Amino acid sequence: MHTHHAQLRCQQRAIPAEAVDVLLAYGEYRRRGGADVYFLNRQARSRLLTALGPDRYRRLEKSLDSYLVIADDGMLITAAHRYRRLRF
């Protein structure tokens, strides 16, 4: 489930729903500011490449440099592109 804000941000930032699903399924997460932040590290990307195959991975690759903020109730609060390393 997504908040209205998250839907707008995904649309504005060209982050497809498939990339959101992949980040939630294969991504690592850390607790930050009362919510969980999902992202892909090197190990997760390696698992993802094996699971998706090279063609599907390549199609999503640009969107995978993103992070998601998920509330405790499971709602997607926002999504954004990562331009530098996340600090926790």
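Everything discussed here concerns the structure shown above.
Residues numbered from 1 in each chain as written. Predicted model: local features only at pLDDT ≥ 70, side-chain atom pairs only at ≥ 80, totals over all residues. Heavy atoms only, no water.

Visitor: Got a sec to walk through the pairing of strand β3 (residues 66-70)? Specific residues and values, please.
Guide: The buried fraction of β3 amounts to 4 of the 5 residues, a majority that puts the element mostly inside the structure. Two elements, strand β2 (residues 35-39) and β3, share 3 bridges in a ladder whose sense is antiparallel. The residue bridging Asp36 from the neighbouring strand is Ile70, located in β3. Pairing analysis gives 5 bridges linking β3 to strand β4 (residues 76-81), with the strands arranged antiparallel. Among the inter-strand pairings, Ser66 is bridged to a residue of β4, identified as His81. (Buried < 20%, exposed > 50% of the residue type's maximum accessible area, 1.4 Å probe, protein only. Helix = DSSP H or I, 4+ residues; strand = E, 2+ residues; numbered from the N terminus. Pairing = 2+ DSSP bridges.)

Visitor: So what's going on with the environment of Leu86? Residues and values would help.
Guide: For Leu86, the position within the fold is in the segment after β4. Leu86 sits 32 residues away from Pro54 along the chain, and the two C-alpha atoms are 26 Å apart. Leaving out residues up to four positions away in the same chain, Leu86 has contacts with Val37, Phe39 and Tyr67. (Contact = heavy atoms within 4.5 Å.)

Treat this as a map of the structure, not an account of what it does.
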